[in-house]
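One letter stands for each residue in the lines below.
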Amino acid sequence: MSGPRPVVLSGPSGAGKSTLLKRLMKDHEGVFGFSVSHTTRNPRPGEEDGKDYHFTTKEVMQEGIDNGEFIENAEFSGNMYGTSKSAVEDVRAKNLICILDVDIQGVKRIKETDLDPIYISIQPPSLEILEKRLRDRQTETEESLQKRLEAARIDMELSKEPGVFDVVIINDDLEKAYKELKDILNDVSKPKKTKIFGFFKYFIEVHTFCLNRKSKRFKKPSKKEMMTHFFATFEHKCDLNPSEINASGKTAFLFISPCLYRQLVVHSRTETNAAVHLLRVNDLKSVKSREMNSIITPGEIYFLICLTTTEIQIEIL
Ligand SMILES: Nc1nc2c(ncn2[C@@H]2O[C@H](COP(=O)(O)OP(=O)(O)O)[C@@H](O)[C@H]2O)c(=O)[nH]1
Ligand SMILES: Nc1ncnc2c1ncn2[C@@H]1O[C@H](COP(=O)(O)OP(=O)(O)O)[C@@H](O)[C@H]1O
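Computed from a predicted model, the values in this text were never measured in an experiment.

Participant: So what exactly am I meant to see when it comes to the site of ligand 1 here?
Facilitator: The environment of ligand 1 is made up of 20 residues, and the closest members are Ser13, Arg41, Tyr53, Tyr81 and Asp101. Take Arg148: an N or O atom from its side chain is 2.8 Å from an oxygen atom of ligand 1. Considering ligand 1 on its own, with 570 Å² of exposed area, one finds that the protein chains cover 98% of that surface. For the shell around ligand 1, the secondary structure elements donating two or more residues are β5 (70–76) and β6 (79–84). For the shell around ligand 1, the per-class residue count stands at five nonpolar, seven polar and eight charged.

Participant: I would appreciate a short explanation of the site of ligand 2 in the present structure.
Facilitator: Close to ligand 2 lie 13 residues, the nearest being Gly14, Ser18, Thr19, Arg137 and Asn171. Here Gly14 contributes a backbone N or O atom positioned 2.7 Å from an oxygen atom of ligand 2. Residue Ser18 places a side-chain N or O atom 2.5 Å away from an oxygen atom belonging to ligand 2. For ligand 2, whose free accessible area comes to 560 Å², the fraction covered by protein is 74%. Of all the secondary-structure elements, those providing two or more residues to the shell around ligand 2 are α1 (17–27) and α5 (127–137). If one sorts the elements of the shell around ligand 2 by residue count, α1 sits on top with three residues.

Participant: I'm lost on the packing of α5 against helix α6 (residues 142–158) in this one. Help?
Facilitator: Two packed helices can be described by the angle between their axes and the distance between those axes. Between α5 and α6, whose axes approach to 11 Å, the crossing angle comes to 150°. When the axes of α5 and α6 are compared, the pair comes out roughly antiparallel. As α5 packs across α6, the resulting crossing turns out to be right-handed. Contacts from Leu127, Leu130, Glu131, Leu134, Arg135 and Arg137 in α5 reach Glu142, Leu145, Gln146, Arg148, Leu149, Ala152, Arg153 and Met156 in α6. Residue composition of the contact of α5 with α6, by class: seven nonpolar, one polar and six charged.

Participant: What is the right way to look at the sheet that holds strand β4 (residues 54–55) in this model?
Facilitator: Sheet strands pair by backbone hydrogen bonding; their relative direction is either parallel or antiparallel. The strand order across the open sheet built from four strands is β4-β3-β6-β5, with neighbouring strands paired in mixed fashion. Looking at the sheet topology across the chains shown, the edges are occupied by β4 and β5. In this structure, strand β3 (residues 38–39) lies alongside β4, joined through two bridges in parallel fashion. Among the inter-strand pairings, His38 is bridged to a residue of β4, identified as His54.

Participant: Just checking my understanding: could you explain the environment of Asn73 for this structure?
Facilitator: Examined against the element boundaries, Asn73 turns out to sit in strand β5. Taking C-alpha positions, Asn73 is 9.6 Å from Met61, a pair spaced twelve residues apart along the chain. Not counting the four nearest positions on each side in its chain, Asn73 is found in contact with Ile65, Tyr81, Gly82 and Arg109.

Cut-offs applied
- Residues numbered from 1 in each chain as written.
- Chains lettered and ligands numbered in written order.
- Predicted model: local features only at pLDDT ≥ 70, side-chain atom pairs only at ≥ 80, totals over all residues.
- Heavy atoms only, no water.
- Near = heavy atom within 4 Å.
- Polar contact = N/O pair within 3.5 Å; in protein donor to acceptor, adjacent residues only side chain to side chain.
- Areas by Shrake-Rupley, 256 points an atom, 1.4 Å probe, with all protein chains shown as cover.
- Helix = DSSP H or I, 4+ residues; strand = E, 2+ residues; numbered from the N terminus.
- Nonpolar A, V, L, I, M, F, W, Y, C, P; charged D, E, K, R; others polar.
- Axes fitted to C-alpha atoms, helices over the stretch in contact; angles between N-to-C directions.
- Parallel < 35°, antiparallel > 145°, perpendicular 65-115°, else oblique.
- Left-handed = near helix turned anticlockwise from the far one by under 90°.
- Contact = heavy atoms within 4.5 Å.
- Pairing = 2+ DSSP bridges.

Put into structure tokens, the structure is as follows:
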């Protein structure tokens, strides 16, 4: 799948996943998008259908599962939960980093797919504290609380196994846990390695531009600025394979950092760490300033490449 790596948040019910997630989404609007799961459990007060979950029935959900509409699904505390393909695709279509909140069964299922996310486990400091938080939350009956605690015991054991999670965060102090999560996601949101499938023969126009730090308006960089950026040393490589391109005849705009552009121009078969951002728009004027701000750092010089296709495949590894 293309785009930045998704993020899977898992951990026992009551560990603090939703609390951390909600804060993250609020503080980083336009960066992360939540994969809205389906569930057969009843909505809690304040939960919104289509935002927190797609609340559904067992029959409807089973039909969707049978029709292959789900990436994964699991039973938890007597209810069905599942991630639909469209939940993830909706987030990716908006160019956002997809965050999934799934239980340990979901983690295992996702590992069998090609989603390739970062796996983060949020753990409580202890089972006793978890129980207290769940009781204080006042969302569970005694029966569902006991089921959650039972699942939590298994989850807490499994999360200690090496290789299951990339990172385990102990949510003792909320501020500390939030900072840890933010730091990890900060790394994730920077593309590490980018694979680009050949498109340079489809260039129709190349512009250089820079967003003015103060006015936030575009300006053409000076020759000196350009040269400094353009010839900046870098040792990354870029893998180009023109046969992979699937031209549709439309125009797309590719915002590309100078070092990668230079690699493309020199036509070398190398790899790159350069940040690449693809905006699927047919008209530059339609790019909202919020989208632009999440892509472009004011003061840095970019190349804007107009391409004759919207079907460029960019895989961020
Ligand atoms: N496998 C799977 N688990 C999910 C999904 N959505 C939520 N869950 C998990 O289901 C469990 C129960 O979620 P929920 O009923 O919202 O309770 P809460 O986690 O205590 O707020 C949690 O461990 C979630 O991570 C999903 O789409 N797939
Ligand atoms: N670090 C923390 N310290 C104290 N209470 C917390 C902390 N993190 C979360 N909580 C509280 O614990 C309860 C469970 O958190 P929640 O985010 O709903 O967990 P989850 O989504 O993992 O089920 C909530 O009432 C929340 O306000």
